[in-house]
Amino acid sequence: MKNKKLMAFWGIIALFYLAANFAHPVTPTLIVERGLDSSMFGVALAAMMTMNFLFAPFWGKLCGYIPTKKIMLIGCIGYSVGQAVFGMAQSEAVVIAGRMFAGIFTGGCFTAFSNYVINTSDLASRGSNLTTLITIQSVASACGYFVGGMLGMISVEAAFSAQVVLLALCGVLCTVLCLDDTPFKHKPEKALSARDVNPFSAFVSAKEFMTPMLAMIFIIIAISGIGLNSSEQCFNYFIKDQFGLGSQYNGTIKAVIAVAILALNSTVCVYLQKKTDINKTFLPVTLANGLIIGGFLVFKSPMPFFVTYVLASCVNALRTPLMQAMVAARSTPENSNAMMGFYQSMNSLGSIFGALFAGLIYAQNPYLPFILSFAAFGIATLLAVVYVGKYKKEKQA
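Residues numbered from 1 in each chain as written. Predicted model: local features only at pLDDT ≥ 70, side-chain atom pairs only at ≥ 80, totals over all residues. Heavy atoms only, no water.

A word on the overall build of the protein chain. Each helix and strand counted, the protein chain has 16 helices and zero strands in total. The C-alpha radius of gyration of the protein chain comes to 20 Å, within 12% of the 21 Å expected for a compact globule of 397 residues. Referenced to the eigenvectors of the C-alpha coordinate spread, the extents of the protein chain come out at roughly 55 × 45 × 40 Å. Carbon and sulfur atoms form 69% of the exposed surface of the protein chain, whose accessible area is close to 15,600 Å². Side-chain charges in the protein chain split into 26 positive and 15 negative, and the spacing between the mean points of these groups amounts to 8 Å. (Helix = DSSP H or I, 4+ residues; strand = E, 2+ residues; numbered from the N terminus. Rg over C-alpha atoms; globule rule 2.2 N^0.38 Å. Areas by Shrake-Rupley, 256 points an atom, 1.4 Å probe, with all protein chains shown as cover. Lys, Arg positive; Asp, Glu negative; His and termini not counted. Charge placed at Lys NZ, Arg CZ, Asp CG, Glu CD.)

Below, the structure written as C-alpha cells:
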C-alpha cells in the first residue's frame, strides 16, 4: 500500500511541476504585450520568492502538526489563485500582488513535498527518494516549459488557464491519493501558538537545530540560488529581447534539458549519492556549474548560448539533490520538518536576490545578470572549499 501511495505521489508531483512552469515561457510575452516595465521579469519573481522565503519556515513547522497532504491542498489552491491574478494583470502593481499571494503558498507546496518524502521513507531509501523528487521536479519543470511554450503560441491566457486548473487539481489529488503521514513523524510536545504563525519567529526557532556546518551549507545554498536565478530569469527574457525568439524556442530548449536531466539523475546523481561522500563531491559539481555559466559571457550567438544554458541546467540538476541530501543527513525526526522548511527558505532567499538584481540591472546591460551569476557561483565555490576543509576535520574528530 505504501509503495502504491508513493507512486501516486510521484505522479501528482510530476503534474504539479509540469503545471507550475506553464507561465514561465509566456511571461516575457505578457510583459511586452501589456506594456509593462522590462524589470518585471525579475521583480515579479522576487516578490513571489520573498513571500516564499518568509513563510516556508512556518509551513515547515505546521507540517509537524497536521497531515502534510492537507498542506499540499492549501498550497496548491493558494498557488492557483495567485497565478490567476497574475495571468489577468494589466499593471505592474497587480502582477506583483498576484505573485506575492502565490508566493505565500508555493512555500507550503515545496516544503510539504520534501517533508512528505522524508516522513514516509525509511532511512535507507530517504536519499534515493529525495533524489527522485528532485529529478521529477527538474524533468517535469522542463517539460512544463515546453508545454507552456506551445500553449503560448495560442495565447498567454491559454497557458495561464491550463496552469490554474491543473494546480488546483493537484491539491485535490493530494488529499485523495496521498498517505496521512501523521503516524510516521514526530509529534510536537506543545500546541501550535499564535507566535508560531509569525514567520519571523519561525526563523528564530532555527537556532534549535542550527550548527556552524549546517549554517555554512545554507549559506552556500542561498548564494548558489542567487547565481542560478540571475541567469535563469534573464535567459527567458534575453532570448525574446535580444534574439527575437518566441516562447516555443524556450519550451523546446527545456524539453532537451528534461531528457538530459532524466539521464543524468538516474545515473550520475545516483552514483554520487551511493558511491561517494557527497559532502566532498558537491564541491566539483558547484565549481563546474560556475565555469559553465561563464560561457554566457563568451558566446554571443544563439546556438552556443543555448548549449551553455542546457549544460548549466543539467549540472545544476546534479548539484541540487546533493545539497538537499546534505541537509537531510544532518536532521533528526524531531527537527526534519522545520529544517526542510528552512532549506526551502534559503533557496527562496537566493531566488529573491538573483531574480530582483537580474531584473533591475538588465536595462543597464543585458549581460550584467550573467556576470552576477558567474560571480555568485565563484563565491559559492570558495565557501564550498572552506566547508570541505572543515568537514574533513569534523570527520577525523
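What follows is about the nonpolar core. One finds F9, F16, F113, F218, F282 and Y387 to be the most contacted residues of the largest nonpolar core, which totals 83 residues. Considering each element in turn, this core owes the most residues, 11 residues, to helix α3 (residues 40-62). Not counting residues up to four positions away in its chain, the partners in contact with F113 are F9, I13, F16, Y17, M72 and L133. Listed in part, the 43 residues of the second largest apolar core include L36, V139, F235 and F306. (Core = buried A, V, L, I, M, F, W, Y, C linked by side-chain atoms within 4.5 Å. Buried < 20%, exposed > 50% of the residue type's maximum accessible area, 1.4 Å probe, protein only. Contact = heavy atoms within 4.5 Å.)

In this section: the layout of surface pockets. What the second largest pocket holds in volume is close to 430 Å³. R126, G127, S128, T131 and Q273 are the residues nearest the centre of the second largest pocket, which is lined by 19 residues in total. Mapped onto the lining of the second largest pocket, the elements with two or more residues apiece are α6 (123-154), α12 (268-275) and α14 (302-329). Sorting elements by how many residues they give to the lining of the second largest pocket places α6 first, with 10 residues. (1 Å grid on protein atoms, 1.4 Å probe; cavity = no way out; pocket = protein on both sides within 12 Å on 5 of 7 lines; lining within 4 Å. Points joined across faces, edges and corners; volume = space filled by probe spheres on them.)

Next up on the list: the packing of aromatic side chains. Going through the model one piece at a time under the given rule, you end up with 28 aromatic pairs. For the pair F16 and Y17, a centre-to-centre distance of 5.1 Å together with 90° between the ring planes defines the contact as edge-to-face. Of the two residues examined, F16 and Y17, each falls in the buried class. Considering the side-chain rings of F353 and F357, the 5.7 Å spacing of their centres and the 40° angle between planes classify their relative orientation as tilted. Within this pair, F353 and its partner F357 are both found in helix α15 (residues 336-361), separated by four residues, close to a single helical turn. Judged by its relative accessible area of 35%, F357 is partly exposed. Among the aromatic residues, those joined into a cluster by ring pairs are F9, W10, F16, Y17, Y79, F110, F113 and Y116. One Lys or Arg, K300, reaches over the ring of Y367 and ends 3.7 Å from the middle of that ring. (Phe/Tyr/Trp six-rings, centres within 6.5 Å; stacked < 30°, edge-to-face > 60°. Lys NZ or Arg CZ within 6 Å of the ring centre and 35° of its normal.)

What follows covers empty space enclosed by the protein. In the structure shown here, the tally under the stated rule is five cavities of 30 Å³ or more. Roughly 1,000 Å³ of volume is contained in the largest cavity. Along the walls of the largest cavity sit 44 residues, with Q137, S141, L228, N229 and N316 positioned nearest its centre. Class assignment for the residues of the lining of the largest cavity results in 21 nonpolar, 19 polar and four charged. H24, T27, P28, M40, F41, A44, L45, F86, R99, Q233, N236 and Y237 together form the lining of the second largest cavity. Among the elements of the structure, α2 (27-33), α3 and α10 (212-241) are those that each provide at least two residues to the lining of the second largest cavity. (Nonpolar A, V, L, I, M, F, W, Y, C, P; charged D, E, K, R; others polar.)

Quick look at the environment of L356 now. Structurally, L356 is set in helix α15. Since its relative accessible area comes to 25%, L356 is described here as partly exposed. As a C-alpha pair, L356 and M49 span 307 residues in sequence and 9.8 Å in three-dimensional space. When sequence neighbours within four positions are dropped, the list of residues in contact with L356 reads G42, V43, A46 and S351.

This brings us to the packing of α3 against helix α5 (residues 92-120). Close contact between α3 and α5 brings their axes to 6 Å; oriented N to C, the two are set at 40°. One element, α3, and the other, α5, form an angle in the oblique class. α5 is crossed by α3, and the crossing has right-handed handedness. Grouping the constituent residues of the contact of α3 with α5 by class yields 17 nonpolar, eight polar and two charged. (Axes fitted to C-alpha atoms, helices over the stretch in contact; angles between N-to-C directions. Parallel < 35°, antiparallel > 145°, perpendicular 65-115°, else oblique. Left-handed = near helix turned anticlockwise from the far one by under 90°.)

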